[in-house]
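A look at the structure
As a plain string of letters, each chain reads:
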Amino acid sequence: MEVTVRDNNVDQALRVLKKKMQREGIYREMKMRRHFEKPSIKKAREKAEAVRRFRKLMRKRLEREGY
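Residues numbered from 1 in each chain as written. Predicted model: local features only at pLDDT ≥ 70, side-chain atom pairs only at ≥ 80, totals over all residues. Heavy atoms only, no water.

When pLDDT is averaged along the protein chain, the result is 93, and 99% of the positions lie at 70 or above. Helix 3 (residues 39–65) holds the highest mean pLDDT among the elements of the protein chain, 95, whereas helix 2 (residues 26–32) holds the lowest, 91. (pLDDT = per-residue confidence, 0-100. Helix = DSSP H or I, 4+ residues; strand = E, 2+ residues; numbered from the N terminus.)

As structure tokens, then:
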């Protein structure tokens with residue numbers, strides 16, 4: 001990941017970097033890696049996340065298309 005600093009404005013570059021990291025999910029991954037997660041729990045969590053994403057997609061599609 002790369003951010004360019006313009007006009008020696010490090011604060012703005014830092015904000016841009018933090019926003020990019022948030023979008024990519026790096027903060028979430030760092031939080032998850034603090035403790036070991038058993039493979040069975042990881043699999044269940046990922047499946048639940050996939051179901052959540054699918055339901056959210058279906059809700060948005062229902063709103064947009066109406067069926």
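In this structure, aspartate 7 takes a positive phi of about 55° despite not being glycine. Within the secondary structure, aspartate 7 sits in the segment before helix 1 (10–24). Classification of aspartate 7 as exposed rests on a relative accessible area of 80%. Positive phi, normally seen in glycine, also occurs at asparagine 8, with a value near 55°. (Buried < 20%, exposed > 50% of the residue type's maximum accessible area, 1.4 Å probe, protein only.)

Let us look at helix 1. The end-to-end C-alpha distance of helix 1 is 21 Å, a good match for the 21 Å that 15 residues give at a rise of 1.5 Å each. Positive backbone phi, approximately 85°, marks glycine 25, located one or two places after helix 1. (Expected span 1.5 Å × (residues − 1).)

For the rest of this paragraph, the subject is the pattern of salt bridges. Evaluated as defined, the whole model comprises four salt bridges. Put simply, arginine 28 and glutamate 49 hold a salt bridge, and the shortest N to O gap is 2.4 Å. Here arginine 28 is found in helix 2, whereas its partner glutamate 49 is found in helix 3, with 21 residues between them in sequence. Taking the relative accessible area as the measure of exposure, glutamate 49 reaches 12% and is therefore buried. The salt bridge partner of arginine 33 is glutamate 29, with a shortest N-O separation of 2.8 Å. Assessed through its relative accessible area of 65%, arginine 33 is described here as exposed. Among the charged side chains, a network of salt bridges with common partners joins Arg28, Glu37, Arg45 and Glu49. (Salt bridge = Lys/Arg side-chain N within 4 Å of Asp/Glu carboxyl O.)

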